[in-house]
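Tertiary structure, described
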Amino acid sequence: MSLDPHSSDALQPGPVFFDRLELGLVLRVYGRMVAAGEWRDYAMIGHKEVAEFAVFRRSGDAPLYRIEKRPALRLKQGQWAVIGEGGHVLKRGRDLAQVLRVFDSRKFTVVE
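The paragraphs below set out a description of the structure included in this document. Just so you know, these numbers come straight off a predicted model, no measurement behind them.

**Some thoughts on the nonpolar core**
One recurring pattern in soluble globular proteins is that nonpolar side chains are buried together. Residues W39, I67 and F103 are the most contacted members of the largest nonpolar core, which totals 21 residues. At the level of secondary structure, the elements contributing two or more residues to this core comprise α2 (20-35), β2 (51-56), β3 (65-69), β4 (80-83) and α3 (96-100). Sort the elements by how many residues they give to this core and α2 lands first, with 5 residues. In contact with F103, not counting residues within four places along its chain, are V29, R32, W39, Y65, I67 and V82.

**Digging into the pairing of β3**
On any regular strand, side chains alternate: one points to one face of the sheet, the next to the other face. Within β3, 4 of the 5 residues are buried, which leaves the element mostly enclosed by the surrounding structure. Bridge analysis of β2 against β3 gives 5 bridges, and the strand direction is antiparallel. Within β3, the residue paired with A51 across the bridge is K69.

**Re a nonpolar patch on the surface**
Taken together, the side chains of F17, L27, Y42 and M44 make up a nonpolar region of the molecular surface, amounting to roughly 330 Å² of accessible area. Within the fold, Y42 resides in strand β1 (residues 41-46). Classification of Y42 as partly exposed rests on a relative accessible area of 35%.

**Topic: the side chain of E22**
Note on placement: E22 falls in helix α2. Exposure remark for E22: the relative accessible area of 12% places this residue in the buried category. Contact partners of E22, with chain neighbours within four places excluded, come to F17, K69, W80 and L96.

**What about α2?**
The end-to-end C-alpha distance of α2, which contains 16 residues, comes to 22 Å, matching closely the 22 Å that a straight helix rising 1.5 Å per residue would cover. Where the residues of α2 are buried, they touch β1, β2, β3, β4 and α3. For α2, the N-terminal capping position is held by D19, with its side-chain oxygen 3.1 Å away from the main-chain nitrogen of L21. G37 sits one or two residues past α2 and shows a positive phi near 80°.

**What about the packing of aromatic side chains?**
Taken as a whole and judged by the stated rule, the model has 9 aromatic pairs. Their ring planes at 10° and their centres at 5.0 Å tell us that Y42 and F53 sit as a pair that is stacked. One end of the pair, Y42, is in strand β1; the other, F53, is in strand β2, with 11 residues separating them in the sequence. Judged by relative accessible area, which is 1%, F53 ranks as buried. Through a chain of ring-to-ring contacts, the aromatic side chains of Y30, W39, Y42, F53, Y65 and F103 assemble into a single cluster.

**Topic: the environment of I67**
Within the secondary structure, I67 sits in strand β3. When its relative accessible area of 3% is taken as the criterion, I67 is described as buried.

Conventions we followed
- Residues numbered from 1 in each chain as written.
- Predicted model: local features only at pLDDT ≥ 70, side-chain atom pairs only at ≥ 80, totals over all residues.
- Heavy atoms only, no water.
- Core = buried A, V, L, I, M, F, W, Y, C linked by side-chain atoms within 4.5 Å.
- Buried < 20%, exposed > 50% of the residue type's maximum accessible area, 1.4 Å probe, protein only.
- Helix = DSSP H or I, 4+ residues; strand = E, 2+ residues; numbered from the N terminus.
- Contact = heavy atoms within 4.5 Å.
- Pairing = 2+ DSSP bridges.
- Patch = residues over 30% accessible without salt bridge, like charges linked within 9 Å, V, L, I, M, F, W, Y side chains within 5 Å.
- Areas by Shrake-Rupley, 256 points an atom, 1.4 Å probe, with all protein chains shown as cover.
- Salt bridge = Lys/Arg side-chain N within 4 Å of Asp/Glu carboxyl O.
- Expected span 1.5 Å × (residues − 1).
- Polar contact = N/O pair within 3.5 Å; in protein donor to acceptor, adjacent residues only side chain to side chain.
- Phe/Tyr/Trp six-rings, centres within 6.5 Å; stacked < 30°, edge-to-face > 60°.

Bear in mind that shape data such as this cannot, by itself, settle questions of function.
Here it is as structure tokens:
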């Protein structure tokens, strides 16, 4: 990597990742779902254009949900998305706390 500030390497942004506040909100939902016995494992990864927090029912399974941060969509449809198992976008928006509310409806069950 070149140390020249005018080189193309200096203009390349680092990987996208969650800041402390964002990660705190995501981990709060994760902890609640682990306590309910719904989720058991997670993985985080930062790519050039997206940060992803994936949750799993079991370690060897495909992710149940992915929480994505895509800053490039910040001014369009919102940088936050919750994506389900089949790749369906369950909720998208500009406010992470609002997007994470999609999991609130999953904590109640019908009692007969």
